[in-house]
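Tertiary structure, described
So you can see what is in the structure, the chains are spelled out below.
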Amino acid sequence: MPIRMKQIHIFTVFTTSEAFFDGQFKYLVDQGAEIILVSSYNERAESFAKRNDIRFVSVEMPRAMALGAILKAIKAIIRLIKQETPDAVFGHTPVGALCAMIAAKWCGVRNRVYYRHGVIYTTMNGIKREIFRLEEKFVAALATAVVNVSHSLNRLAVKDGLNPDKKQFVIGHGTCGGIDAKEIFNPVLINEKKKIEKAKELGIANVDIVFGFCGRICVDKGIPELVDGFLAFRELHPELKAILLLIGVMDERDILPQATKDTIGSCKDIVITGWVDKVDIPYFYSMLDVFVFPSHREGFGMCAIEASAMEKPLLVSRAHGVEDTIVEHKTGEYIGLNAESICQGMEKMLDDDLRVLMGKAGRKMVLDWYDSHVMWPQVSELYKRILK
């Protein structure tokens, strides 16, 4: 039975919907849903709305907890809800969800769904940590259902008292809709000539092994530990030409320690790509021998399963939202958040046959569990269960 409901999905910034819901919204519309996307203005939003057959409404929302701007956004969302009378309101990302759930509760919307894409308080300390934990608990209390994007996040929510277990759900094995492992993250689609050209441009062609990371280059992603672990590996194996490829840009909010920045800047074997166009991301994964993801916290480590889809073995932390991304000893290995453990993981991955086996197993796992064609029907089924 299709979901014939009017839904409003509210995000703090448009790029979150673009990254995780492009195509999924069109699928749900084809199932009978009417969807309105709300976020701060972005010039790409209208074209996104058009190809997903949805409507876009711009409401400016702050990324930080700025009370005045939040109250203004809540008022605008209340006006929209009264005008549209939706059957369900979905709140995504911290500020977007806060505004969405307050406005939807105020207006008496029957179905109020909080999409918990992750939590930020777990890397904080003291009173700040408790304030943000209570904010999570408050938003969840206003919701009629909570969708966590990973099973480890599910467990954390119960452990930290964010919401009752009966109120929360996970879609399949996790994520909010998976990835396209057939038409995008597929190694057979890589043009070898283009790949070699890009590797030469980066100065990483004709090397022995390439370790790589993809994401925001910042403290929370474990970059200081990764850099130190790579340097330790390099000292143990001076006979190897090893490269650490950091795919992404330096975060302007969660800034690396100066010592780490100095090391990255001075080490010729550590390469930062800078901003990478979305369509080229598979090519950068294809240049890697091993994907390393020592993040301190995630909702779900999407880049890890993207790398797995590209047949790369993984070294990942046991942080919430990261531990879900591998089958231990089969598609990758766990590493501690310290240089010694990361170095040991890198040494284990010197086994060529092991890398191939784990890469092949990782792609199969992604196709079975996380491909969007597997995930989207599960999204639809969950909505049928939780929406009244």
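Please refer to the structure placed before this passage.
Residues numbered from 1 in each chain as written. Predicted model: local features only at pLDDT ≥ 70, side-chain atom pairs only at ≥ 80, totals over all residues. Heavy atoms only, no water.

Thoughts on the sheet that holds strand β4 (residues 88-92)
Read across the sheet, seven strands follow the order β3-β2-β1-β4-β5-β6-β7 without closing on themselves; strand pairing throughout is parallel. For this open sheet the edge positions go to β3 (55-58) and β7 (168-170), each flanked by a neighbour on one side alone. Looking at each pair of strands side by side, their axes are set apart by 25 degrees on average, direction ignored. Examined bridge by bridge, β4 and strand β5 (residues 111-116) share five bridges and lie parallel to one another. Within β5, the residue paired with G91 across the bridge is Y114. This element, helix α5 (residues 94-107), spans β1 (6-10), β4 and β5 of the sheet and lies at about 155 degrees to β4. Contacting β5 and β6 (145-148), helix α6 (residues 126-142) runs over the sheet at an angle of about 150 degrees to β5. (Pairing = 2+ DSSP bridges. Helix = DSSP H or I, 4+ residues; strand = E, 2+ residues; numbered from the N terminus. Axes fitted to C-alpha atoms, helices over the stretch in contact; angles between N-to-C directions. Contact = heavy atoms within 4.5 Å.)

Some thoughts on unusual backbone geometry
The phi angle of most residues is negative, glycine excepted, and most peptide bonds adopt the trans form. The phi dihedral of D53 falls on the positive side, at around 60 degrees, and the residue is not glycine. By the secondary structure assignment, D53 is in the loop between α3 (45-52) and β3. The phi dihedral of N206 falls on the positive side, at around 60 degrees, and the residue is not glycine. When its relative accessible area of 81% is taken as the criterion, N206 is described as exposed. (Buried < 20%, exposed > 50% of the residue type's maximum accessible area, 1.4 Å probe, protein only.)

Some points on the nonpolar core
Side chains that are nonpolar tend, in soluble globular proteins, to be buried together. Formed by 104 residues in total, the largest nonpolar core has its most connected members in Y285 and F291. F291 has contacts with G212, F213, C214, Y285, C303, A304, A307, P313, L314 and L315, leaving out every residue within four places of it along the chain. Among the nonpolar cores identified, the runner-up in size contains 30 residues, and V38, V89, V95 and A100 belong to it. (Core = buried A, V, L, I, M, F, W, Y, C linked by side-chain atoms within 4.5 Å.)

Things to note about the pairing of β5
Of all six residues in β5, six are buried; the element is thus mostly enclosed. Burial along β5 is two-sided: the residues N111, V113 and Y115 and R112, Y114 and R116 are all buried. A crossover connection joins β4 to the parallel β5 through α5; in handedness this β-α-β unit is right-handed. In this sheet, β6 lies alongside β5 in parallel orientation, the contact comprising four bridges. Pairing of Y114 across the sheet is with V146, part of β6. Handedness of the crossover is the feature at issue here: the chain leaves β5, passes through α6, returns alongside β6, and the resulting connection is right-handed. (Right-handed = clockwise from strand over helix to strand, strands pointing away.)

Considerations on the sheet that holds strand β11 (residues 290-293)
Judged by pairing direction, the sheet is parallel, and its six strands sit side by side in the order β10-β9-β8-β11-β12-β13 without closing on themselves. The open sheet has two edge strands, β10 (270-272) and β13 (332-334), and neither has a second partner. Across this sheet, the average inter-strand angle for adjacent strands is 20 degrees, counted without regard to direction. Of the strand pairs in this sheet, strand β9 (residues 242-247) and β10 are connected by three bridges, and their pairing is parallel. For L246, the partnering residue across the bridge sits in β10 and is I272. Lying over the sheet, helix α9 (residues 223-236) contacts β8 (209-214), β9, β10 and β11, oriented at roughly 165 degrees with respect to β9.

What is shown is where atoms sit, not what they do.
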